[in-house]
Amino acid sequence: MSKLFILAVIENPFPKFGVNWYDFTSQAIAFLIIAWILNKFVFKTVMRTVADRQKEAEEAVANSERIRRELQAAEEARKEVLHKAQEQADRVVSEAKANVAELLNQEKIRCELLGNEMLAKAHEDVRLDQARLKTELKVEIATMVVNLTAKLAQMNLTAADRDRLLQAAVKEIAEPVQE
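Residues numbered from 1 in each chain as written. Predicted model: local features only at pLDDT ≥ 70, side-chain atom pairs only at ≥ 80, totals over all residues. Heavy atoms only, no water.

Draft legend 1. Summary view of the pattern of salt bridges. Under the definition given, this model contains 7 salt bridges. Between glutamate 65 and arginine 68 there is a salt bridge; the shortest N-O distance is 2.4 Å. Within this pair, glutamate 65 and its partner arginine 68 are both found in helix H2 (residues 21–156), separated by 3 residues, close to a single helical turn. Given the relative accessible area of 43%, arginine 68 is considered partly exposed. The closest approach of N and O atoms between arginine 127 and glutamate 124, which form a salt bridge, is 2.3 Å. Remark: glutamate 124 and arginine 127 occur in helix H2; sequence separation between them is 3 residues, near one turn of the helix. One salt-bridge network, in which partners are shared between bridges, spans Glu65, Arg68 and Arg69. (Salt bridge = Lys/Arg side-chain N within 4 Å of Asp/Glu carboxyl O. Helix = DSSP H or I, 4+ residues; strand = E, 2+ residues; numbered from the N terminus. Buried < 20%, exposed > 50% of the residue type's maximum accessible area, 1.4 Å probe, protein only.)

Next up, the structure:
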């Protein structure tokens with residue numbers, strides 16, 4: 001009894017809200033048909049598009065990661081190449097400096113040798129000039145002696161004295177010049 005009483009107390013609330021079982025059922029069936037059509041043709045297509053785009057996004061992320069790694073590797077390679085180029089440039093500069101220093105040293109030695117040669121030649125020229133001047137001086141002195149002797153001879157000398165002085169002067173002039 002109490003069950004009937006409870007059922008009698010609880011009325012069907014649907015008619016109060018204007019719900020008709022026939023309309024409700026037909027609308028539920030229409031909703032299910034539309035939901036099935038949307039699921040079959042729209043949602044699956046949309047979900048497939050979303051999945052494709054998500055896959056493309058994941059590939060883009062993977063590609064960006066790969067590109068980042070490649071860029072990082074390229075940057076490291078660039079730094080390595082720059083480092084090697086700097087080392088090579090330093091080596092070339094040091095070799096050039098060494099070559100220049102060697103050339104300067106060779107030129108210094110060559111200039112010293114040339115200077116010594118020129119100095120030796122100048123000494124030889126001076127020695128030869130001195131010898132020539134000595135010879136010229138001896139000839140000049142001999143000429144003066146002969147002239148003086150001739151003047152003296154004309155003054156108070158006998159013929160024998162004059163001949164002896166002349167022969168001595170000629171003998172002095174004829175002797176080789178010694179240094």
